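# Structure assessment
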Amino acid sequence: MPEPRSLAQPSARFVGDDGAPDPAVRNAIAVAAEPQGYARALAALCASRLLLPVVATGDDTGHPDPDRHAEMAAVTLSDASGTYLLAFTGYDSLRAWQADARPVPCLLDELCATVGPAGATQLLLDVAGPVPFVVGEDAVALMADGNALTELEDGSFAWVRAE
């Protein structure tokens, strides 16, 4: 099957999006362990398009069946430290995780608002690499409520809310 040239467009906000990752976001995530790195990565993510993977569920027949009832669902992952909603910074990382998942372009605040209803408490980006990144519970709650993290001129960070 040929590679798609652009993602399906659920919103005009993403017209022309080919699923490529934002290099600034990937770079910020790669250095998130450095001092202020986590906050800088969150600030970069607040201004970037991300991809929510959806997969078919409920079709366990293993063969074509005109009466089957498959549904599409967001994906969560659980381990000893919690339950995570999965998302990706680019189509390449989504395909590395699961090639048949469908990408839904969205913004970080939209993803964070989906975390709770999906039964998760945190957001896990790029689980299959290049560098996995967790948006923790406190940040998820703030962003789900419409806040964004921004870096100020003096290098400090502040939560802001668009009114």
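In what follows, the structure referred to is the one given above.
Let me sum up the structure you'll find in this document. (Residues numbered from 1 in each chain as written. Predicted model: local features only at pLDDT ≥ 70, side-chain atom pairs only at ≥ 80, totals over all residues. Heavy atoms only, no water.)

### Comments concerning unusual backbone geometry
- Here the residue pair Gly129 and Pro130 is connected by a cis peptide bond, since its omega of 15° sits within 30 degrees of zero.
- With respect to the helices, strands and loops of the structure, Pro130 is situated in the loop between strand 6 (122-125) and strand 7 (133-135).
- Even without glycine at this site, Gln36 takes up a positive phi of about 65°.
- Residue placement: Gln36 occurs in the loop between helix 1 (23-30) and helix 2 (37-46).
- With relative accessibility at 43%, the residue Gln36 sits in the partly exposed group.
- With a phi angle near 55°, Asp126 is a residue other than glycine that sits in the positive phi range.
- As for its placement among the helices and strands, Asp126 is situated in the loop between strand 6 and strand 7.
- Using a relative accessible area of 1% as the deciding quantity, one classes Asp126 as buried. (Helix = DSSP H or I, 4+ residues; strand = E, 2+ residues; numbered from the N terminus. Buried < 20%, exposed > 50% of the residue type's maximum accessible area, 1.4 Å probe, protein only.)

### With respect to the sheet that holds strand 6
- Within the open sheet, the 4 strands sit side by side as 3-4-6-7. Their pairing is mixed. Every interior strand has two partners, whereas the edge strands, strand 3 (76-79) and strand 7, have only one. Averaged over all neighbouring strand pairs, the angle between strand axes comes to 35°, with direction disregarded.
- Relative to strand 7, strand 6 is paired through 3 bridges, and the arrangement is antiparallel. In the sheet register, Leu124 faces strand 7, and the bridge partner there is Val134.
- Docked against the sheet, helix 5 (residues 137-144) engages strand 6 and strand 7, running at close to 60° with respect to strand 7. (Pairing = 2+ DSSP bridges. Axes fitted to C-alpha atoms, helices over the stretch in contact; angles between N-to-C directions. Contact = heavy atoms within 4.5 Å.)

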